[in-house]
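A closer look at the structure
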Amino acid sequence: MQVQFISVTPEQLQRKIIEGVKTQLEDLKKHFKPKEPKEYLTRHELAEMLSIDLSTVYNWTKKGILTAHQIGGRVFYLRSEVENAIVKLNN
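In this report, we go over the structure that sits alongside the text. (Residues numbered from 1 in each chain as written. Predicted model: local features only at pLDDT ≥ 70, side-chain atom pairs only at ≥ 80, totals over all residues. Heavy atoms only, no water.)

1. Concerning the packing of helix α2 (residues 43-50) against helix α3 (residues 54-63)
The test is simple: Axis definition: a line fit to C-alpha positions, over the contact stretch in the case of helices; interaxial angles, taken between N-to-C directions, run 0 to 180 degrees. Only DSSP runs of H or I reaching four residues or more are called helices, and only runs of E reaching two or more are called strands; each is numbered from the N terminus. In this scheme, roughly parallel covers angles under 35 degrees and roughly antiparallel covers those over 145, while 65 to 115 is roughly perpendicular and the rest are oblique. Whether two residues are in contact is decided by their heavy atoms, any of which lying within 4.5 Å being enough. In this count, Pro and Cys sit with the nonpolar residues alongside Ala, Val, Leu, Ile, Met, Phe, Trp and Tyr, while Asp, Glu, Lys and Arg are called charged and the others, Gly among them, polar.
Interaxial distance between α2 and α3 falls to 9 Å at its minimum, and their mutual angle equals 105 degrees. It follows that α2 is roughly perpendicular to α3 by the angle criterion. Across from R43, H44, L46, A47 and L50 in α2, the residues of α3 making contact are L54, V57 and W60. Among the residues making up the contact of α2 with α3, the classes are represented as six nonpolar, one polar and one charged.

Here's what the structure looks like:
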């Protein structure tokens, strides 16, 4: 396959290519959302983060306020789920 450009200088072609790439990069920047790794907290880390007792962590988990995740014998809480469980009060 052969492509011919008529009435286009190499500099003009180069400029057009660069403009096209810049446009695509700007569009990508607008819509790009990097994935953040999930952060898991232990019961102790969660209690410390919220300044609560371990018994409160246990009770909130039992009541379904917090969702626990388990692997082996270890229990973890997903930070984003904990943050979503915190509700704003309208005073």
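2. Thoughts on the pattern of salt bridges
Let me state the cut-off plainly: Here, a salt bridge means any side-chain nitrogen of Lys or Arg that lies within 4 Å of a carboxyl oxygen of Asp or Glu.
As enumerated under the stated definition, the model contains four salt bridges in all. When the shortest N-O distance is used, the salt bridge between E19 and K16 registers 3.9 Å. In this pair, E19 and K16 are both assigned in helix α1 (residues 10-31), three residues apart and thus about one turn of the helix distant. The closest approach of N and O atoms between R79 and E83, which form a salt bridge, is 3.7 Å. Note that R79 and E83 are positioned in helix α4 (residues 79-85) at a spacing of four residues, about one turn of the helix. Within this structure, E39, R79 and E83 form a network of salt bridges that share partners.

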